[in-house]
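Inside the fold
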Amino acid sequence: MSDELERLEREATDKLESISTEDELATWYRTYLGRQGEVTSAMKGISQRPAEERPAFGQAVNALRNALQEAFDARQDNILAASLRKRLNDEAIDVTLPGRLPQAGNLHPVTKMIRDITRVFGLMGFQTVEGPEVEDAYYAFDALNIPQDHPARDVWDTIFIESDQREIVLRPHTSPMQIRTMEQVDPPVRVVVPGRCYRYEALDATHEWHFHQIEGLAVDTNITMTDLKGTLAEFARQIFGQERKVRFRCDYFPFVEPGVDFAIDCMFCEGSGCRVCSKTGWIELLGAGMVHPNVLRHVGYDPDEYTGWAFGMGIERIVMLKYGIEDIRHFYQGDVRFLSQFNRVLA
Ligand code: DAH
């Protein structure tokens, strides 16, 4: 074999030894065995040789090509096997690792509280009903003993939808469902009404322009203030703990007489006075009272035969008090970090 071929063989074999990637392998093949490669051009050089050397030279080049092809095949097998091994290693899944649970969605804390409260009243015989959020001012105000010119009408900062022929509003409270319910059925009535309400309001830590209330209404013969006190005390103890003390004070709402505000002793300081209860020891939960005779008359109930009581509370406020939430705006910002905290504490 000529020196030239020997040199070529040594060089090609050495290079092949040092190759470790598929790319390098392809380059090597092009350089030595490809159509423009060195072995091929050596073969072409045969015509420059003296005639008697040609057969031996041709054989030597062929032998070289076969040897290099064999070496290449072996090297390629090696490299492909190594890269397959690496891929299998890199992409391997350890099936013995514990799985990752997908994040499950959950009910909103307000929805959960509505369910808790309606369950408590359900056990005391109250049906849950719902009503329209877009409401006629007759139901939102007039039938509730709050006529057009009544100054108290301003208390419910209302969002109006129409005010030409009829006044149509986004209900500022759930009280209109008292009227709608009593229009539909004869006494006895025992309902609770959860639902969304709206007010024309500047937002701050305790005011939202949309929020939720639960209304309660009981009408029957011989319904008294005592029933109201017992029912609300039971509700407060179910939601805030059996040891709660309750307080009723006079308050004014046009649709009840007498009207009361209902409070519980502060569960954070047990009545000794703290930031949550503004140092008073008491936390006001809701407004209530004996249904005003004018309201009963509006729905055709005889106030001499029937009496009743009603209450209304803001649900966000109840959730805030129960879990020490300081800003009502958290409820509607959709921040999962806030919302997911309730996954465990509320059923
Ligand atoms: N509707 C009242 C409000 O939004 C709350 C309320 C007070 C409802 C007294 C009642 C009640 O049924 O008797 O502020």
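What this report covers is the structure whose coordinates are included nearby. All values reported here derive from a predicted model rather than from experimental measurement.

The next subject is the overall build of the protein. Looking only at helices and strands, one finds 12 helices and 10 strands in the protein. In summary, the protein has a C-alpha radius of gyration of 43 Å against a globular reference of 20 Å for 347 residues, an excess of more than 25%. Overall, the C-alpha framework of the protein stretches about 140 × 50 × 35 Å when taken along its three principal axes. Within the protein, the fraction of its 347 residues that count as buried is 41%.

Moving on, we come to helix α5 (residues 109-123). If you check α5, its first and last C-alpha atoms are 21 Å apart, about what 15 residues at 1.5 Å a residue would give, namely 21 Å. Of all the positions in α5, only P109, V110, K112, M113, I114, D116, I117, T118, V120 and F121 are classed as buried. Positive backbone phi, approximately 95°, marks G125, located one or two places after α5.

A separate point is the packing of helix α1 (residues 3-18) against helix α4 (residues 54-90). The contact between α1 and α4 brings their axes to 11 Å, and the two run at 5°. One way to sum up the angle between α1 and α4 is to call them roughly parallel. Residue-level inspection shows L5, L8, E9, A12, T13, L16 and E17 of α1 in contact with α4, the latter providing F57, A60, V61, L64, A67, L68, A71, F72 and R75. For the contact of α1 with α4, a count of residues per class yields 12 nonpolar, one polar and three charged.

Procedures and definitions
- Residues numbered from 1 in each chain as written.
- Predicted model: local features only at pLDDT ≥ 70, side-chain atom pairs only at ≥ 80, totals over all residues.
- Heavy atoms only, no water.
- Helix = DSSP H or I, 4+ residues; strand = E, 2+ residues; numbered from the N terminus.
- Rg over C-alpha atoms; globule rule 2.2 N^0.38 Å.
- Buried < 20%, exposed > 50% of the residue type's maximum accessible area, 1.4 Å probe, protein only.
- Expected span 1.5 Å × (residues − 1).
- Axes fitted to C-alpha atoms, helices over the stretch in contact; angles between N-to-C directions.
- Parallel < 35°, antiparallel > 145°, perpendicular 65-115°, else oblique.
- Contact = heavy atoms within 4.5 Å.
- Nonpolar A, V, L, I, M, F, W, Y, C, P; charged D, E, K, R; others polar.

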